[in-house]
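Chain residues, written in single-letter form:
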Amino acid sequence: MISSADAATEFVFKRTFDAPREDVWNAFTQAEHLKHWWGAPGSKIEIARHELRPGGLFLYCQKFPDGRTMWARFIFREIVAPERLVWLNGFSNEEGGLTPNPWVPAFPLETLNTVTLAEQDGGTLLTITVTPINASDEQTELFAGGIAGMKMGFGNSFKKLADHLAGQN
Amino acid sequence: MQDQLSSTFAALADPTRRAILARLALGETSVTELAEPFAMSMPAVSKHLKVLERAGLIARSRDAQWRPCRLEAGQLKEAASWIEEYRRFWEESLDRLDAYLRKMKEPAKKTSSNGATKKKAKSRSKE
């Protein structure tokens, strides 16, 4: 349940979809599709810019029901339809200038996000890799700490434990 | 609180400190006992404990003479919630993508001849 494996600086997430690869690719790379599903949980996004070309900017605003807004951006790096999308990912202001992570300001400003799509049993296997980029050693170490925490089961078992401990006080 | 999260993640970046936390998850224990599995000098262990204490992840009892270490609930919960949020961001984003892809397929299904109205089992695998 809880292990103390070495810190990695790569966050990997996989999911299979019961849909053709072309559809998943389109949903990930076209503004008219992205606006229906992309964004932080509970938010709806408004897209200010979406330039699907290397170096192009995807700038969007996440709007929450309580009126809060949170801007974020992609800078596209590699676009290989329908199998590979690479972008620099970060929070931003509404002009598209990078801003620190709102919760952990000492985190790397940008991560390199890679999505690969592979055909699998008539469906599509999506793999997302997130790793710090243009970051200082301290920023990279913090990111590794977060990933390590996740691998330790901080998100699940430790949360239950914390609730339990809090109940005892 | 923001700086506290940063020092929490910095504390977690070290494998020895993660091992100490994993040990303390089993219950409070003395510094001597903590040092045992690490083949490490007491001062070295104490240094790690200080980092964990500063990060708010553990506390050391003042009353008992052997000053046992234990996990601290508050900051632990803060860090756990943040980590959970990050995982949830991807989880929920991909749930929405999954639902959206199914919706995209619907018009095609209506015209297909094999009565494809029954719901397909959700197929997903997680890391």
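What counts as what
Residues numbered from 1 in each chain as written. Chains lettered and ligands numbered in written order. Predicted model: local features only at pLDDT ≥ 70, side-chain atom pairs only at ≥ 80, totals over all residues. Heavy atoms only, no water. Helix = DSSP H or I, 4+ residues; strand = E, 2+ residues; numbered from the N terminus. Buried < 20%, exposed > 50% of the residue type's maximum accessible area, 1.4 Å probe, protein only. Contact = heavy atoms within 4.5 Å. Areas by Shrake-Rupley, 256 points an atom, 1.4 Å probe, with all protein chains shown as cover. Core = buried A, V, L, I, M, F, W, Y, C linked by side-chain atoms within 4.5 Å. Polar contact = N/O pair within 3.5 Å; in protein donor to acceptor, adjacent residues only side chain to side chain. Pairing = 2+ DSSP bridges. Axes fitted to C-alpha atoms, helices over the stretch in contact; angles between N-to-C directions. Parallel < 35°, antiparallel > 145°, perpendicular 65-115°, else oblique. pLDDT = per-residue confidence, 0-100. Salt bridge = Lys/Arg side-chain N within 4 Å of Asp/Glu carboxyl O.

Trainee: Please clarify how the overall build of chain A should be interpreted in this entry.
Mentor: A count of helical and extended segments in chain A gives four helices and eight strands. What you see in chain A, going N to C, is helices and strands ordered as β-α-α-β-β-β-β-β-β-β-α-α. Across the 169 residues that make up chain A, the buried fraction comes to 51%. Taking as baseline every contact in chain A between residues at least 6 positions apart, the subset at least 24 positions apart corresponds to 43%. As displayed, chain A has an accessible area near 7,800 Å², and 48% of this comes from carbon and sulfur atoms.

Trainee: It is not clear to me how the nonpolar core should be interpreted in this structure. Could you clarify?
Mentor: Considering soluble globular proteins, one finds that nonpolar side chains tend to be buried as a cluster. One finds Trp 38 and Leu 126 of chain A together with Leu 97 of chain B to be the most contacted residues of the largest nonpolar core, which totals 64 residues. It is helix α5 (residues 73-111) of chain B that contributes the most residues to this core, eleven residues altogether. Leaving out residues up to four positions away in the same chain, Leu 126 of chain A has contacts with Phe 13, Lys 14, Arg 15, Phe 17, Val 24, Phe 28, Val 115, Thr 116 and Leu 117 of chain A together with Leu 94 and Leu 97 of chain B.

Trainee: Would you explain helix α2 (residues 15-24) of chain B in this entry?
Mentor: Note: α-helices contain 3.6 residues per turn, so residues at a spacing of three or four share the same orientation. Residues and elements named next belong to chain B. Judged by how many residues are buried, α2 sits mostly within the fold: eight of ten residues are covered. Thr 16, Arg 17, Arg 18, Ala 19, Ile 20, Leu 21, Ala 22 and Leu 24 are the residues of α2 that are buried. A distance of 2.9 Å separates the backbone nitrogen of Thr 16 from a side-chain oxygen at the start of α2, and that oxygen is part of Asp 14.

Trainee: Sorry if this is basic, but what is going on with the pairing of strand β4 (residues 69-80) of chain A here?
Mentor: Taken residue by residue, a regular strand's side chains alternate between the two faces of the sheet. Residue and element names in this part refer to chain A. Across seven bridges, strand β3 (residues 57-63) lies against β4 in antiparallel orientation. Opposite Cys 61, over in β4, you have Trp 71 as the bridge partner. Examined bridge by bridge, β4 and strand β5 (residues 84-92) share eight bridges and lie antiparallel to one another. When the sheet's bridge partners are listed, Val 80 is paired in β5 with Arg 84.

Trainee: What's the story with helix α1 (residues 21-29) of chain A in this structure? I'm lost.
Mentor: The buried fraction of α1 of chain A is high, at seven of nine residues. When we look at burial in α1 of chain A, the residues that qualify are Arg 21, Asp 23, Val 24, Trp 25, Ala 27, Phe 28 and Thr 29 of chain A.

Trainee: Can you walk me through the environment of Leu 57 of chain B in this structure?
Mentor: For Leu 57 of chain B, the position within the fold is in the loop between α4 (42-54) and β1 (58-60). Sequence-wise, Leu 57 of chain B and Leu 26 of chain B are 31 residues apart; in three dimensions their C-alpha atoms are separated by 15 Å.

Trainee: Sorry if this is basic, but what is going on with the packing of α2 of chain B against α4 of chain B here?
Mentor: Residues and elements named next belong to chain B. At a minimum axis distance of 10 Å, the contact between α2 and α4 shows a crossing angle of 75°. When the axes of α2 and α4 are compared, the pair comes out roughly perpendicular. Facing α2, whose interface residues are Thr 16, Arg 17, Ile 20 and Leu 21, α4 presents His 48, Leu 49, Val 51 and Leu 52.

Trainee: Where do I start with the environment of Val 86 of chain A in this structure?
Mentor: All names here are of chain A. Mapping Val 86 onto the fold places it in strand β5. Between the alpha carbons of Val 86 and Met 70 there is a distance of 22 Å; along the sequence they are 16 residues apart. Residues within four places of Val 86 in sequence aside, it is in contact with Ile 75, Phe 76, Arg 77, Glu 78, Leu 112, Asn 113 and Thr 114.

Trainee: Any chance you could explain unusual backbone geometry here in plain terms?
Mentor: Peptide bonds are mostly trans, and most non-glycine residues show a negative phi. Residues and elements named next belong to chain A. Note that the residue after Ala 81, namely Pro 82, is joined by a cis bond; omega there is -5°. Relative to the elements of secondary structure, Pro 82 occurs in the loop between β4 and β5. Despite not being glycine, Asp 121 shows a phi value in the positive range, around 50°. For Asp 121, a relative accessible area of 80% puts it in the exposed group.

Trainee: What is the right way to look at the side chain of Arg 73 of chain A in this model?
Mentor: Residue and element names in this part refer to chain A. Secondary-structure assignment places Arg 73 in strand β4. For Arg 73, the side chain forms a polar contact with the main-chain oxygen of Gly 96, separated by 2.8 Å. When sequence neighbours within four positions are dropped, the list of residues in contact with Arg 73 reads Leu 57, Phe 58, Leu 59, Tyr 60, Leu 88, Asn 89, Gly 90, Ser 92, Gly 96, Gly 97, Leu 98 and Glu 110.

Trainee: For this particular structure, what's the right way to read the confidence of the model for chain B?
Mentor: Caution applies to low-pLDDT regions: their predicted coordinates should not be interpreted in detail. Residues and elements named next belong to chain B. Per-residue confidence for chain B gives a mean pLDDT of 80; residues scoring 70 or more make up 81%. Low pLDDT, under 50, characterises residues 111-127; the predicted model gives this stretch 23 contacts beyond four residues in sequence or across chains. With a pTM of 0.78, the predicted complex shows an ipTM of 0.84.

Trainee: Any chance you could explain the pattern of salt bridges here in plain terms?
Mentor: Side chains bearing opposite charge may pair, as long as their charged atoms lie close to each other. Per the stated rule, a full pass over the model turns up 16 salt bridges over all chains. The salt bridge involving Glu 72 of chain B is made with Arg 70 of chain B; its shortest N-O contact spans 3.0 Å. Using a relative accessible area of 35% as the deciding quantity, one classes Arg 70 of chain B as partly exposed. The structure contains a network of salt bridges with shared partners spanning Arg 49, Glu 51 and Arg 53 of chain A.

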